[in-house]
2 protein chains.
Amino acid sequence: MKTVLHGGCGETATELHTDCHKVIMPVRDALDVISGKWKLPIIIAVSRGHKRFRDIERSIPKITSKVLSKELKDLEAHKLVKRTVYDSQPVSVEYTLTAYADTLDSVINALQQWGLQHRKKIIGK
Amino acid sequence: MKTVLHGGCGETATELHTDCHKVIMPVRDALDVISGKWKLPIIIAVSRGHKRFRDIERSIPKITSKVLSKELKDLEAHKLVKRTVYDSQPVSVEYTLTAYADTLDSVINALQQWGLQHRKKIIGK
DNA sequence: GTAACCAGTTACCTTAAAGTAAGTGCTTTA
DNA sequence: TAAAGCACTTACTTTAAGGTAACTGGTTAC
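About the criteria used
Residues numbered from 1 in each chain as written. Chains lettered and ligands numbered in written order. Predicted model: local features only at pLDDT ≥ 70, side-chain atom pairs only at ≥ 80, totals over all residues. Heavy atoms only, no water. Helix = DSSP H or I, 4+ residues; strand = E, 2+ residues; numbered from the N terminus. Buried < 20%, exposed > 50% of the residue type's maximum accessible area, 1.4 Å probe, protein only. Contact = heavy atoms within 4.5 Å. Areas by Shrake-Rupley, 256 points an atom, 1.4 Å probe, with all protein chains shown as cover. Lys, Arg positive; Asp, Glu negative; His and termini not counted. Charge placed at Lys NZ, Arg CZ, Asp CG, Glu CD. Polar contact = N/O pair within 3.5 Å; in protein donor to acceptor, adjacent residues only side chain to side chain. Near = heavy atom within 4 Å. Nonpolar A, V, L, I, M, F, W, Y, C, P; charged D, E, K, R; others polar.

From N to C terminus, chain A includes 6 helices and 2 strands. Written out in order from the N terminus, the α and β elements of chain A read α-α-α-α-β-β-α-α. Summarising its shape, the C-alpha atoms of chain A cover approximately 65 × 40 × 25 Å along the three principal directions. Relative to its full complement of 125 residues, chain A shows a buried share of 43%. A sequence separation of at least 24 residues applies to 42% of the contacts in chain A between residues at least 6 apart. A total of about 6700 Å² of accessible surface is found on chain A, and carbon and sulfur atoms cover 52% of it. Taking the average location of the 21 positive side-chain charges in chain A and that of its 14 negative ones, the two points are 8 Å from each other.

Below, the discussion takes up the side chain of histidine 50 of chain A. Along the chain, histidine 50 of chain A turns up in the loop between helix H2 (39–47) and helix H3 (53–59). Reaching out from histidine 50 of chain A, the side chain makes a polar contact with the side chain of aspartate 55 of chain A at a distance of 3.0 Å. With residues up to four places along the chain from it excluded, the contact list for histidine 50 of chain A reads Ala45, Asp55, Ile56, Ser59 and Tyr95 of chain A together with Leu16, His17 and Cys20 of chain B.

The subject of this paragraph is H2 of chain A. Residue and element names in this part refer to chain A. Burial runs high along H2: 8 of the 9 residues are buried. Buried within H2 we find Lys39, Leu40, Pro41, Ile42, Ile43, Ile44, Ala45 and Val46. Phi for glycine 49, located one or two positions after H2, is positive at around 105 degrees.

With that out of the way, let us pick up the protein's contact with DNA strand C. Around DNA strand C, the surrounding shell holds 18 residues, and the nearest of these are Lys66 of chain A together with Arg52, Arg54, Ser69 and Arg83 of chain B. Close to the protein, within 4 Å, the atoms of DNA strand C belong to sugar or phosphate groups at a rate of 53%. Between DNA strand C and serine 69 of chain B there is a distance of 2.4 Å, counted from a phosphate oxygen to a side-chain nitrogen or oxygen. Lysine 73 of chain B is positioned with one of its side-chain polar atoms (N or O) 3.0 Å from a phosphate oxygen of DNA strand C. Every element with two or more residues in the surface near DNA strand C is listed here: helix H3 (53–59), helix H4 (65–77) and strand E2 (92–97) of chain B. The leading source of residues in the surface near DNA strand C is H4 of chain B, at 4 residues.

Here we come to the environment of leucine 5 of chain B. You can see leucine 5 of chain B is positioned in the segment before helix H1 (15–34). By relative accessible area, which is 26% here, leucine 5 of chain B ends up partly exposed. In sequence terms leucine 5 of chain B and aspartate 29 of chain B are 24 residues apart; their C-alpha atoms lie 5.8 Å from each other. Residue contacts for leucine 5 of chain B: discarding those within four places in its chain leaves Arg119, Ile122 and Ile123 of chain A together with Asp29 of chain B.

This part covers the protein's contact with DNA strand D. Around DNA strand D there are 18 residues in total, and Arg52, Arg54, Ser69 and Arg83 of chain A together with Lys66 of chain B lie nearest to it. Sugar and phosphate atoms form 55% of the subset of DNA strand D atoms that lie within 4 Å of the protein. Residue serine 69 of chain A places a side-chain N or O atom 2.5 Å away from a phosphate oxygen belonging to DNA strand D. The side chain of tyrosine 95 of chain A places a nitrogen or oxygen atom 2.7 Å from a phosphate oxygen of DNA strand D. Elements supplying a minimum of two residues to the surface near DNA strand D: H3, helix H4 (65–77) and strand E2 (92–97) of chain A. Considering every element that reaches the surface near DNA strand D, the biggest residue donor is H4 of chain A, with 4 residues. Taken together, the residues of the surface near DNA strand D sort by class into 5 nonpolar, 5 polar and 8 charged.

None of the figures reported here should be taken as evidence of function without further support.
Set out below in structure tokens:
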């Protein structure tokens, strides 16, 4: 995993630019972690109680095991998801959200609300 | 532009899945519109008062005119940005946010806040 | 009159994300 | 004992996003 934080640019910054960058940089940092088609859907699925690999897979339309496997590893590396192996018979694996993932709640809520009204706007016209 | 809304999947839905999809689908609808490296940075730049093409270009580190041109068209198609041509001498072009784009405020704020604390967490360790 | 600014466009190329399909090793159920 | 479930992996291909660089056609400032 590459962890990137977005820093300044090489240019002479005007007041407007400086102000602007103060918003753009953190937003890009956040997008680096959560953007892509699958990361938020996976976080949502796990937060709703889907803990097992196949269970998560079934709860997210169209996802494949290959993609799920890869994204879960990314999320684990970002400390958003915890993977626990229980050596029962047979061995079972559980994925849970970390406390850190809970801090994404406001982001998910904002996106959900916006997505809902966007859908209404699209359908309603 | 393709406008996609995420609908149900073909499977028999359990209670958990139904609940889960109610969150996943709108989030994916929202991500379809705003994800990618450049859309939110552009919206932020325009909202901060950068109206002219070259001005926006300069305010966003590393963006190129090709990408900016394409993304502005996308945003216009999604009714988030308005392009106005003034036939002064020489002709000037201005980009402004629509009222609809203002509804993204809570999304941008949530991402900015999360990005800031994420940056602190990464640097602080 | 030439250099620079504006608002882009064009062609080409690289990389990363995602999709397709099949297979692995293990276990439990019918 | 054959089928199906679990948790994945591997190999290959397609698609989309983004980057590089040059160029257009107009305008204005030096």
